[in-house]
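# Overview (structure and organization)
Residue strings, one per chain:
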Amino acid sequence: MAERILRVRYGNNVSPQKRFESVVGYLQQLIEDGIRDEYVRKKAVEIIHRAGVQPHDELGEIRAIVKWVQNNVHYIKDIIGVEYFMTARRLLKDVEQGTSAADCDDFVILGASLLGAVGYPTGALIVDSNNDGVFNHVMLLTRTVSPTREFGSKWIPAELIFRNFKLGESVKISQVYPLIADPNSTRVPVMQRNIAGLGRGPMHSFGSPSSNGLGALVPRPLVWAKNLGLIGRDK
């Protein structure tokens, strides 16, 4: 069940706001599901060991996982009119078989799940990268548990779909909407629920998630963007 792909088709009668809320809701919940998956945790531990990261090097662990996702997942766009959502486990299996095909939200689901599974606070940064008022891209958001010289206790953005971006760098953006995953969530995983026909097959039409949609979205996104250094500088 955890290896299924959720395909959501949004009808013309679905407002942009409702579509946004739906996408954000699934994004948050699939990250939380991945954090709780022991298969994902084992992979995160393997990545850290293979990178030769020393114990207690939190930035080293984060960088190792970010770089692994950048280098091993293949970016491919979704079908027009259909939003694909993959579990972290499914994407890991596809990477192992050499058949990964993921867009930015899938990259973030995997990266945030891997980091959350080894104890790091994680989430997603939903952004407008075209300066047209539309949230069109998603980046990983994480931070260390202990303060570091480089980032202090601040949240750190990570651009996963471009391999040349370093930790803390991002595409140029004009708007940002951060959300934080809840690692203590105990609800039924997304892929084990019957969502608007999901139990009958892999495709379903738009239906509201069981949560309130926007989940743990952080208020005052402009303040967040400035604090992260994402607005007011060129990249």
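Quick summary incoming for the structure in this document. Not measured: the values here are computed from a predicted model. (Residues numbered from 1 in each chain as written. Predicted model: local features only at pLDDT ≥ 70, side-chain atom pairs only at ≥ 80, totals over all residues. Heavy atoms only, no water.)

### Focus: the overall build of the protein
Along the protein, the regular secondary structure elements total six helices and seven strands. Counted over contacts in the protein with a minimum sequence separation of 6, partners at least 24 positions apart contribute 72%. Carbon and sulfur atoms form 50% of the exposed surface of the protein, whose accessible area is close to 11400 Å². (Helix = DSSP H or I, 4+ residues; strand = E, 2+ residues; numbered from the N terminus. Contact = heavy atoms within 4.5 Å. Areas by Shrake-Rupley, 256 points an atom, 1.4 Å probe, with all protein chains shown as cover.)

### Here's the deal with the pattern of salt bridges
One pass over the structure, following the stated rule, counts 10 salt bridges. Between Arg36 and Asp33 there is a salt bridge whose closest N-O contact spans 3.0 Å. According to the relative accessible area criterion, Asp33 is buried, its value standing at 13%. Counted as one network, the salt bridges with shared partners bring together Glu32, Asp33, Arg36 and Arg187. (Salt bridge = Lys/Arg side-chain N within 4 Å of Asp/Glu carboxyl O. Buried < 20%, exposed > 50% of the residue type's maximum accessible area, 1.4 Å probe, protein only.)

### Some details on the nonpolar core
A general feature of soluble globular proteins is that nonpolar side chains tend to end up buried together. Leu110 and Leu114 are the most contacted members of the largest nonpolar core, which totals 60 residues. The biggest single contributor to this core is helix α5 (residues 104–117), with nine residues. Excluding residues within four positions of it along the chain, Leu110 makes contact with Trp68, Val69, Val73, Ala88, Leu91 and Leu92. (Core = buried A, V, L, I, M, F, W, Y, C linked by side-chain atoms within 4.5 Å.)

### What to know about the sheet that holds strand β4 (residues 137–142)
In space, the four strands of this open sheet follow the order β5-β4-β3-β6, with antiparallel pairing throughout. Unpaired on one side and paired on the other, β5 (156–158) and β6 (175–180) mark the two borders of the sheet. If you compare each strand with its neighbour and ignore which way they point, the axes differ by 30° on average. Where strand β3 (residues 122–128) and β4 come together, six bridges link them in antiparallel fashion. Its bridge partner lying in β4, Leu125 is registered against Met139. Its contacts with the sheet place α5 against β3 and β4, and it is angled at close to 10° to β4. (Pairing = 2+ DSSP bridges. Axes fitted to C-alpha atoms, helices over the stretch in contact; angles between N-to-C directions.)

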